[in-house]
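Now for the letters of each chain:
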Amino acid sequence: MDDDFTISLTPPYLTESLEMAMEVEKENSRPPCFSCALDNRDGGRNFFVESHLASGSLKRLLLRLDPSPTDYEEDTVEIFGFHWVTEIALVESCRLLFGLLRQHIHKLEDLVQMSSSDFGQAANLHSEAGNLRHQCIAFLHYVKVFIFRYLESHKTEDDGLLHPYEELEVQLPSVLVEELHALTLHIGHLYELPSSILGVFTIQHQAKVRPSEALTSHHYPCSCIKELWVLLIHLLDHRNKGSHTESFWSWVNKLLKKVFERPSTAEGMSVFEPVQCKDPLSFSWWIITHLASLYQFDRNGNIEEKKQVESNWNFVEELLKRSIDAQTAVLEEQIRMHLQCCLTLCSFWDLNLPTVTILWEYYSKNLNSAFTIPWLGLKGLASVSKTPLSMLKLVKSCCSDQQSPDLYKSSNSYLIFLCILAQMMKEAMESNVTHPWKQIKGRIYSKFHQKRMRELTEVGLQNFFNLFLVLAAVAETEDIASRVLDLLDFLSPTSISTSQRALIWRGYFAFLLMYIEKNMDISVLAEKLSHAFCEKAKEFLVTKNDHTHKQNLWTPLSTYIDGVQEVFETSCYLNLSQEKLLNDGFSMLLPACRGTELNMVLNFLQVVLSRLRSVHKRMIQGPQLGKTGPNTQLPLVAKEHHLAVASALWRNFFPFLKSQRMSQTLPPPQLADTAAGFTLLALDMPCTAPSDLQPQPVLAMMQLFGWDDMVCPQLVSRYLSHLIQNSTLSEAFSGMGHTSYEALSVRSWFRCILQMYIDQPTGILTRTDAERTVGKVYVEQLTEMTRLVFKLSEIENIFSKAHFDESIFKQDPKNALVQFIKAVGVTYSGLQTVSEKSAMVTKTLEYLGDVVKYVKPYLQKKGPAEGLQLTYSIIGGLVKFWAPILATSKAQQLLFRIIDSLLLPLVVFQQDKELPAVMLSAIRENLPLYLQGLSFICCQSQTQGAYLNQLLGSVIQQYFGRFLPPSPSSPGTGQHPMLLALCNSITIPQTLHLRKTTAHVIKENYLQFKGNSPPPRLASVLAFILQVFQRTKSTEVCDIELLLPAVLKCMVLVNETQVKKLSSEILKYMVEGCQAGSGREPATQLTSVFRQFIQDYTTVYDHQVYSILEVVAVLDQPLVISLIPTITQSLKDSEHKQGLGRNTAQREAYKRLLSRLTATGQNEILKLENETS
């Protein structure tokens, strides 16, 4: 090799243009040198600006150009501190100059020794060493320039005499060779350097490189060593072209072959023999790959990406055979590194089919292998793709020009082989060369036959699909897909496992996705896959009790669903026969789905509906509609396919959806979402809807899922939340003249809130976590629905007229409904004309609907408690706040139904039955609302007045006693609801009416004595009456007329202390009330009652009567004075009846009363005494 380097480095011809060769460099340029110190002058270069490459030194050398055209143009030159004549210095003083060079080199060696022992002087020593090195480089550079410019060959004269200088010139070449040889002996070869320095130049450190880091770990530690390699490549290849010596790759191959050899003896080993390494195969791959990358650098050190690079495929083929040789048993982790190197070489070198052929021979025999690396863990175990899209993405990554830096860990060796195959095929296709493809296709196809296909495991099938998908991606897609279908037909249906079938379907879908990506019609593939799906869906439907078999069937079925979803999600126009995937298999599958299975299908259906609508809308509104060009017919074709997709959805999915709307079990939320999707589809493409929804499919859909009172409220609320604020939908209803769109939606909202507890079990005190979660989700859904309902124009108008701020009620649906009811009542009360009120009543009843029907399940089940409480509070609010509306003839029938169903069901009239406690509790809390509303209606109603009064009396009669405590002091009874109804502020007429009706009911039913026996719970009844007076601070005529006689009777006949005390208190309130009140009627009535009382009881109970009147006299003396004639006459009548003459005791008692009645009383006493005398 040393001999070879002595040959001239300049070929006899120039290979580049003279213009490029004669570049002029900067003046006073520094001589080229090796350096690792890149600085800001390098401008992102790969090498130091003054390197042999970047400075153009190598290029000038190879082109026989002046090494430095702007240097050494002066007459003298400074070398080693001395001035010399530029043109003759080397001829005259060659040995002297080289002697000075050796001295400087010796000084450099001394400085190296000094720097290793004296770190304090390191900076100074470094500066001095740099200066010495520069002088040495400058001298050698001068030698190159001198040889190029001034060295001439001389012909000997006839006499053989030469000028002494000419003689020196003649001797100069041999002297230079001698001096350079001596310099080599002085310095030594590279391999003779100390081991500490030699390690930098050698590649022994590659033994520490991990296979995963092979491409990132280079064989040079710094840029100057890298430059040495590039210089060596250019020099050897340049000499190979000019002198037919061995090329760089020839030398490398020769040396690498020796790496594989183990000499038996050390005898004859050259100093150039490579050291032995543990893994010569990996080393060879590693070094060749990195050396090949250096071919990118041109003679100036710049990367030239499109440069025609010398390849070394012959040697690499030998390496490939070693890598996959079964006898050598190369591990997967090493094969990955080898193939990753091979893939990198493919990007540098030209097409080489034997590479693919060699690898395919190996992998065709090992398709069932997972090619995993145990120590990589889970990263190395992902052998089977989970979705068609992930399978296609994997294949596309294999075909990508930019490979992942993490390829070693993310891809097994088989996938790296596919990357190599894809790159080779792409290069062949780009070159319009068909022979390579035919050759590769033939070799690949020949390996697959029936026996081989049936031997494939799940991993083998995955590798099979990956291979053919790669081929389809870069070559004849349709031909390859057809071949795949034929090969898969070799598989026996009975021997295919569940997971294998799912994988096969994923593979089919991966091809479908590729077809769509390439804008190819998928009908052939889709029909085959669709047929297989129908068969499995039918089997899934008829399988009833075998849960294991159903689960096994669900695996490929779910794969199909995922695949169709990915097809629709990745399709731009839905114009490639995608509708063939939506077959009648779904109509068989849906009825058999449960739980998560059904949720998955419905989620998929939502995606398809949404995708169809968005693509169709974009196609209609797209800019291509008004343009001409190759895509002019696309909208027309796409529209036909869109109609076909929509028809398939209506035909194969909607019937099941329709059948589930009245399901007895709680439907999944996705059912409502999907129904909303179909509604919007009917809005966008009405002609595709089935005949039973025509001629107005949108209206029919709303009636089915949004406005039907029989549909589950959870479904309705979620369904309408998707649609209420859809402006296009509102415009459509306006266009068809349907003015009740908002009112019917409000009615559904009303029902959804009332029925929010409809599915809760009754009689259970605690709820499970699942039930609480479902309830919380529904409340959140109602909250959202409430927010949307309050944005409806009709509702906003109502709140505006009522001066309510609707925003504060949007968070709590129940509270929001109450405020809406109040707002409607206030708005109605503010109307002036009869026509406005009539229209408002009609609209209000439309909002309300059959409210009794909504709450009937609560009443029938007598629970749950939350449902009953909600029912009685909301409908009680209706009765109170909509009383003016319910008083109209249009609404009275609804009122009667409310009272009959909620307050007066048949059970309350049955003596042997009683209302459940939860129902009584709800009635107790909300009864005041009903009583106040009914009393208002009784006062306002123009018709049915008698019946309404009867209803009010019946309600009071039934519930006064039910909520009356056994005694006034009973603990935990709370206030009587009728007391709250009587005391809360309502307008005067209905207050008086309610008070009178209540007093009448109490008199007739709770203050009636049986002979002299008092009625039951008399003290409690009196306590209630007393509380009314205490709370209202007033006495009405009805109180005196209806209650005072009974109270006075209690004072006479009942000796119980509590009753007497309560009666006295009531008497006091009544008398004082008459005094405080205005007008003569209460006083007149009071006098009348007392007159009758005196007449009825004086004969038998004279002392009790006089005692009571004494009490009254203290409160109202004039009243008793006015009664003196009646009392006196009663006394005389009593004596007459007794027939015993004057009753002295009775007269004495009477006199005591009269003594308290001022002069009138005294006068009456005198009259009585005169009669006596």
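Residues numbered from 1 in each chain as written. Predicted model: local features only at pLDDT ≥ 70, side-chain atom pairs only at ≥ 80, totals over all residues. Heavy atoms only, no water.

Going by what an unreviewed UniProt entry lists, the protein is known as Protein MMS22-like and is assigned to Platysternon megacephalum.

Trainee: Would you mind showing me how to read helix α7 (residues 164-187) here?
Mentor: An α-helix turns once every 3.6 residues. As a result, residues three or four positions apart point the same way. Between its terminal C-alpha atoms α7 stretches 32 Å, which fits the 34 Å expected from 24 residues at 1.5 Å a residue. Along α7, the sharpest change in direction is near 45 degrees and occurs at Leu 172; proline Pro 173 comes one to four residues later. Looking at α7, one finds that the buried residues are Tyr 165, Glu 169, Leu 172, Val 175, Leu 176, Glu 179 and Leu 183. (Helix = DSSP H or I, 4+ residues; strand = E, 2+ residues; numbered from the N terminus. Expected span 1.5 Å × (residues − 1). Bend = angle between axes of the 7 residues up to and from the residue. Buried < 20%, exposed > 50% of the residue type's maximum accessible area, 1.4 Å probe, protein only.)

Trainee: Explain the packing of helix α29 (residues 669-684) against helix α31 (residues 713-723) to me, please; I cannot follow it from the model alone.
Mentor: To characterise two packed helices, one gives the angle between the axes of the helices and the distance between these axes. Where α29 meets α31, the axes come as close as 8 Å, and the angle between the chain directions of the two elements is 40 degrees. Relative to α31, the element α29 is oriented oblique. The interaxial crossing formed by α29 with α31 has right-handed handedness. Note on element contacts: α31 touches α29 through Leu 715, Arg 718, Tyr 719, His 722 and Leu 723, opposite Pro 669, Leu 671, Ala 672, Asp 673, Ala 675, Ala 676, Thr 679 and Leu 680. Along the lines of polarity and charge, the residues of the contact of α29 with α31 split into nine nonpolar, two polar and two charged. (Axes fitted to C-alpha atoms, helices over the stretch in contact; angles between N-to-C directions. Parallel < 35°, antiparallel > 145°, perpendicular 65-115°, else oblique. Left-handed = near helix turned anticlockwise from the far one by under 90°. Contact = heavy atoms within 4.5 Å. Nonpolar A, V, L, I, M, F, W, Y, C, P; charged D, E, K, R; others polar.)

Trainee: Where do I start with the packing of aromatic side chains in this structure?
Mentor: With the rule as written, the count across this model stands at 57 aromatic pairs. Over the ring of Phe 260 we find Arg 322; its NZ or CZ atom is 4.0 Å from the centre of that ring. Arg 962 extends its terminal NZ or CZ atom over the ring of Tyr 959, reaching a point 5.7 Å from the ring centre. (Phe/Tyr/Trp six-rings, centres within 6.5 Å; stacked < 30°, edge-to-face > 60°. Lys NZ or Arg CZ within 6 Å of the ring centre and 35° of its normal.)

Trainee: Just checking my understanding: could you explain the environment of Glu 569 for this structure?
Mentor: As for its position among the elements, Glu 569 is in helix α24 (residues 547-570). By relative accessible area, Glu 569 is classed as partly exposed at 41%. Separated by 43 residues in sequence, Glu 569 and Leu 612 place their C-alpha atoms 9.6 Å apart. Each residue touching Glu 569, except ones within four places of it in the same chain, is listed here: Val 607 and Arg 611.

Trainee: Just checking my understanding: could you explain the confidence of the model for the protein for this structure?
Mentor: Do not read the predicted coordinates in detail wherever pLDDT is low. Averaged over the protein, the pLDDT score is 86; the fraction of residues at 70 or greater is 89%. Predicted confidence for residues 1-28 stays below pLDDT 50, and this span has 49 contacts to residues more than four positions away or in other chains. Confidence drops under a pLDDT of 50 for residues 624-630, and excluding neighbours within four residues, the segment shows six contacts in the predicted structure. (pLDDT = per-residue confidence, 0-100.)

Trainee: Could you clarify how one ought to interpret the pattern of salt bridges in this entry?
Mentor: Side-chain pairs of opposite charge can arise whenever the charged atoms involved come near each other. Tallied over the entire structure, the rule returns 32 salt bridges. Salt-bridge contacts for Glu 517 lead to Lys 396; the nearest nitrogen and oxygen are separated by 2.6 Å. Of this pair, Glu 517 sits in helix α22 (residues 498-517) while Lys 396 sits in helix α15 (residues 388-398), and the two are 121 residues apart along the sequence. Note on Lys 396: relative accessible area 42%, which makes it partly exposed. (Salt bridge = Lys/Arg side-chain N within 4 Å of Asp/Glu carboxyl O.)

Trainee: Would you mind going over helix α23 (residues 523-542) with me for this structure?
Mentor: Compared with the 28 Å implied by 1.5 Å per residue over 20 residues, the 28 Å span of α23 between its first and last C-alpha is a close match. Among the residues making up α23, those that are buried are Ser 523, Leu 525, Ala 526, Leu 529, Ser 530, Phe 533, Cys 534, Lys 536, Ala 537 and Phe 540. On its buried side, α23 packs onto α21 (477-488), α22, α24, α25 (585-589) and α26 (596-621).

Trainee: Would you explain the packing of helix α42 (residues 917-940) against helix α43 (residues 945-962) in this entry?
Mentor: α43 packs onto α42 with a crossing angle of 155 degrees between their chain directions and a minimal axis gap of 10 Å. Of the possible angle classes, the one that applies to α42 and α43 is roughly antiparallel. Relative to α43, α42 is oriented so that their crossing is left-handed. Contacts from Leu 920, Ile 923, Leu 927, Leu 931, Leu 934, Ser 935, Ile 937 and Cys 938 of α42 reach α43 at Leu 948, Asn 949, Leu 952, Val 955, Ile 956, Tyr 959 and Arg 962.

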